[in-house]
Amino acid sequence: CQLFLRHLKLLGITYNHIITRGALVCRLQGKAQPPEFTKAGDFVTGFWFCSCYVHSQFQFAQTMIFAIEEINQNPAILPNHTMGYKIYNSCGMSNIIRSALDLVNGQEEIIDERNCTNADNAQAVIGHSASAPTVGFARILGRFQIPVLSHFATCACLSNREVFPSFFRTIPSDLYQSRALAKLVKHFRWTWVGAISNKNEYGINGIAAFMKAAQEEGVCIEYYRAFEQTGPLHELAKVVESVKYSTSKVIVAFMSHREVDVLVTELFKQNITGLQWVGSDAWITEDALTSSEGNSLLVGSLGFTVSKAQIPGLEEHMRRLRPSQFPDSQFVRDLWEDTFDCVLNDTANTQRKPCDGFGSVQTVESYFTTVSELRFTNNVYKSVYAVSHALHNLVTCEEGRGPFSNGSCADAGHIQPWQVLHYLQNINFTTNQGERVTFDQNGDSPARYELVNIQLVTSRTLHVATVGIFDSNLPRERQFTLNDMKIVWGGGSHTVPVSVCSESCPPGKHKALQKRKHICCYDCVPCAEGEISNITDSMDCFKCPIDYWPNARRDVCILKEIEFLSYAELMGIVLTCICLIGAMVTTAIASVFFHFRETPIVRANNSELSFLLLFSLTLCFLCSLTFIGRPTQWSCMLRHTAFGITFVLCISCVLGKTLVVLMAFRATLPASNVMKWFGPAQQRLSVLCLTFIQVVICILWLTINPPFPYKNMNYYKEKIILECALGSPVGFWAVLGYIGFLAMLCFVLAFLARKLPDNFNEAKFITFSMLIFWAVWIAFIPAYVSSPGKFTVAVEIFAIISSSYGLLICIFIPKCYVILLRPEQNTKILITKFPVCFGNTCSVTYLQNSNSYEKLLLTFCHVVINVTGCNNKSIMYPCVVPSVTCYNVVRGGGGYNKRSTQYPNSIRYWHKQCFSIHQL
């Protein structure tokens, strides 16, 4: 009792207490108003309603009466027991507390320790409809473990079991509603909103939970204001000013319909429109707002409320209402008189006519008989059934299987509040309408809301349409869903409003927060090179994997373009055609040479080396094709080695031909046998040896560190250059260096032999071809190093093709020209020629003496003439006597020698060693 009195003092309610015979006695100092509706029963349940809000509160009270009557008529619930009720019409905190005390302790004049908690007390209390009064009396009743169930008190603070150990509710906590509202504004991308609440625990706690959830969802609160309907006007003025000058277009209002009515009226007077309202369940479905002066501002409002339900039989119960059912209820008499515009008491001084007693609400459409959309009323119905199921489980407990110590059960004749509390905590049943009723450890019921939209039907009629569902029992990503119902937005618009501090950053950009501002105020900065953002409003960009690169919008990583010289592209096709043309031309020239292999010009050019050179040139053209196409392990090893070996074979053949010419014309001594050391066998062996060296170099290269396919990502960031890495750069440059060495040697020797007689001397053509070779490959090195991607390969192919064409054109095309177009010059008589002098000018004339021609033809000798004399410039006649005789031809010493002869005009002929034409 001392604890009880201490709590009463806090509320301004006092009992006088005195000590009588050593016992503490409490004496009642005042009484509460008697219940508006009452009915005796084995188990009594209390309830409150406030007549200030007739349209909903009276319906709640009648729903409780209907549920208790339905339970009493149901033999399956509380058999042999009945439920009673005490329903108070209490408005104001003090009246509610007095009513609560009446329900708990009755109206006994004196309370001592023997009857402190069991004198005429109720087994459970249902109510109140508001959070603030519920917080007041639930804190007191919780000390005595008396169950309190609320159908409308949503304050999250009531879930605190330490403060409210006996509180339960059939409406979800505002904690769930706040999270649902945060998800709602996030869903429509309203990241810049204002928040308004009333100044009580419901509003402050609710809006605080919303702001916390909104912050988790990335929503920013531009301003927060709180006021009370009965508070000072300057608080309301501050709220209106904040709304007027804010940039956000969405307002989250966590308050009752009374504050909403006051606020929208003031906003309407100041013509502040274009706002999107998001409301809590305390006002979003409130019919009283239809009469508000600023109700047009609420059109398009969105908010969550409890689900609709149908209660069979409730409407019939409402329409059977008669004043005679509740003769002591002043409220029912007033309601009846207002409905039929009459008076029940003839002594009343009024202008109304007397009620005739035949009135009926069966045909009257009234706010309390309308049960088409039962929301909070259904929570009252579930609360009554929750108490009845708890009491039913208590009275039907089997001894030895009970929940208390040693399996004991409660004494149905002396039920303690904590016993009812235990059963209430553990109820789990399904109503006739299919709704499951249960409570969690905090006394909260599962959260399931309907998203409603206020739509305008007529100028003074608002319709609440269900447009979505929120169910906390579902997985997080499926908790909030919208149906196909068309939503009307703030002000009656059909376009989703935009309420952001900064426009959303599209994919490809990321947020850069502005200094000293909310996180919702930012700049959109494009992602850096190589990075993407693939979601809207990304805080950061992330790098693409190594094989990927951002697209143009930088919102997705795409596979990097793989670049290599392909047969399918134009450059590859052109180079392939040039290579094949070169190979075909080379093959055609070889065919021409083979067909005319017995002619002097073919025999004079050492046909064996010529055919080998043509073969190597064909391989050079064809090996260029290995550089085209996707690099593989085998193609990388083949392309460089094939190129190196075939080019060395080609240069070796050219070098052999150059040495033959040089040795033929530089063997100056008459009896020299130098050519016997460079005959056909030696020439073949030299080509083989020079080529074998390159083969050894390539084998070492491939064995130690061969070329391999390589994805080069260093040159282009957005491309992958698929190329052949050298493996060992030493091996690569050794191959090129050896080719360069042979080419340089060939060029030097050909240059030395360039002025020898022209008949069978290819030195000039070889010199020119080597100049082309060196020009191409000297230009190749910087081009190869600086060319990007597939152009590197193209440059290498071009160098191979160009040098091959240079050799082919310079060495073989002139001979093909003579063979095919000037066949009359392809004879021994025209091939053999001698120099004669006209003054100081040397020219060439052919031997006319048939005998000497026959002997030259017979011996296949070419006579090199050293002309001395002809120093007299006035001599205009030939220095050479037209008759030349070659005689005494004998064979000896590895060549053909003939005796020298003196001729007129001081002209001497040193007949040097002669070789057969096919050797030359």
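Predicted, not measured: the structure shown is a model, and the values here were computed from it.

Scoring rules and cut-offs
Residues numbered from 1 in each chain as written. Predicted model: local features only at pLDDT ≥ 70, side-chain atom pairs only at ≥ 80, totals over all residues. Heavy atoms only, no water. Core = buried A, V, L, I, M, F, W, Y, C linked by side-chain atoms within 4.5 Å. Buried < 20%, exposed > 50% of the residue type's maximum accessible area, 1.4 Å probe, protein only. Helix = DSSP H or I, 4+ residues; strand = E, 2+ residues; numbered from the N terminus. Contact = heavy atoms within 4.5 Å. UniProt positions renumbered as here; feature names shortened; annotations may be inferred. Patch = residues over 30% accessible without salt bridge, like charges linked within 9 Å, V, L, I, M, F, W, Y side chains within 5 Å. Areas by Shrake-Rupley, 256 points an atom, 1.4 Å probe, with all protein chains shown as cover. Salt bridge = Lys/Arg side-chain N within 4 Å of Asp/Glu carboxyl O. Pairing = 2+ DSSP bridges. Axes fitted to C-alpha atoms, helices over the stretch in contact; angles between N-to-C directions. Polar contact = N/O pair within 3.5 Å; in protein donor to acceptor, adjacent residues only side chain to side chain.

**Here we look at the nonpolar core**
- Of all hydrophobic cores here, the largest spans 65 residues; its most connected members are F643, F647, M770, W777, I797 and F812.
- If you list the elements that add at least two residues to this core, you get α13 (570-595), α14 (600-604), α15 (607-623), α16 (633-666), α17 (680-704), α18 (729-752), α19 (763-786) and α20 (790-821).
- For F647, the residues in contact, after removing those within four places along its chain, are C620, I739, F773, W777, I800, S803 and S804.
- Counting residues in hydrophobic clusters, the runner-up holds 56 residues, among them I171, V380, V420 and F429.

**Structural notes on the environment of V525**
- Within the element layout of this structure, V525 appears in strand β23 (residues 522-526).
- Overall, the relative accessible area of 30% leaves V525 in the partly exposed class.
- Sequence separation between V525 and C505 is 20 residues; the distance between their C-alpha atoms is 8.2 Å.
- Non-local contacts of V525, meaning those with residues more than four positions away in its chain, are made with K509, H510 and A512.

**So, the UniProt feature "transmembrane region" (unreviewed entry) in the protein chain**
- The sites that UniProt annotates as "transmembrane region" (unreviewed entry) are residues 570-596, 608-629, 641-665, 685-704, 732-753, 765-785 and 797-820.
- This span, residues 765-785, is 100% helix and 0% strand, and a straight line between its end C-alpha atoms measures 31 Å.

**A few points about unusual backbone geometry**
- That bond from G127 to H128 is cis: its omega, 0°, falls within 30 degrees of zero.
- Structurally, H128 is set in the loop between β7 (124-126) and α4 (131-143).
- Phi is positive for R189, which is not a glycine, with a value near 60°.
- Relative to the elements of secondary structure, R189 occurs in the loop between α5 (174-187) and β10 (192-198).
- At N271, a residue that is not glycine, the phi angle is positive and equals roughly 55°.
- Considering the arrangement of structural elements, one finds N271 in the loop between α8 (257-269) and β13 (276-279).
- Exposure remark for N271: the relative accessible area of 60% places this residue in the exposed category.

**Some points on a nonpolar patch on the surface**
- Residues L580, I581, M584, V585 and L622 make up a contiguous nonpolar surface patch of roughly 410 Å² in combined accessible area.
- As for its placement among the helices and strands, I581 is situated in helix α13.

**Focus: the pattern of salt bridges**
- Considering all chains together, one arrives at 16 salt bridges under this definition.
- With its nearest N and O atoms 2.6 Å apart, the salt bridge here joins K199 to E235. Of the two residues, K199 is situated in the loop between β10 and α6 (201-216) and E235 in helix α7 (residues 233-245); the sequence distance between them amounts to 36 residues.
- We classify K199 as partly exposed; its relative accessible area is 43%.
- Between R448 and D471 there is a salt bridge whose closest N-O contact spans 3.8 Å. Of this pair, R448 sits in strand β19 (residues 448-458) while D471 sits in strand β20 (residues 461-471); the two residues are 23 residues apart in sequence, bridging distant segments of the chain.
- For R448, a relative accessible area of 40% translates into the label partly exposed.
- Accessibility expressed as a relative area gives 12% for D471, which makes it buried.
- Among the charged side chains, a network of salt bridges with common partners joins K183, E217 and R476.

**Digging into the sheet that holds strand β5 (residues 83-89)**
- Spatial ordering of the open sheet is given by β3-β5-β4-β7-β8-β9, a layout of six strands whose pairing is mixed. Taken across any chain shown, the strands that pair with only one partner, and hence form the sheet edges, are β3 (37-39) and β9 (167-169). Neighbour-to-neighbour, the strand axes of this sheet turn through a mean angle of 20°, independent of strand direction.
- Where β7 meets strand β8 (residues 148-150), two bridges bridge the pair, whose relative direction is parallel. Its bridge partner being in β8, V125 is matched across the sheet by V148.
- Against the sheet, helix α3 (residues 93-105) touches β4 (43-49), β5 and β7, its axis set at about 175° to β4.

**Quick word on the side chain of Q123**
- You can see Q123 is positioned in the loop between β6 (110-112) and β7.
- Using a relative accessible area of 13% as the deciding quantity, one classes Q123 as buried.
- Among the polar contacts made by the side chain of Q123, one reaches the main-chain amide nitrogen of V44 at a distance of 2.9 Å.
- Setting aside residues no more than four positions away along its own chain, Q123 makes contact with D42, F43, V44, P147, L391 and V420.

**Considerations on the sheet that holds strand β14 (residues 302-306)**
- The mixed open sheet is built from eight strands, whose spatial order is β11-β10-β12-β13-β14-β19-β20-β21. Taken across any chain shown, the strands that pair with only one partner, and hence form the sheet edges, are β11 (220-227) and β21 (480-482). The average undirected angle you get between the axes of adjacent strands in this sheet is 30°.
- The pairing of β10 with β11 spans seven bridges and is classified as parallel. For N198, the partnering residue across the bridge sits in β11 and is F227.
- The strands touched by α6 within the sheet are β10, β11 and β12 (250-254), with β10 carrying the most contacts at an inclination of about 160°.
- Against the sheet, α7 contacts β10, β11 and β12, and its axis sits at roughly 160° relative to β11.

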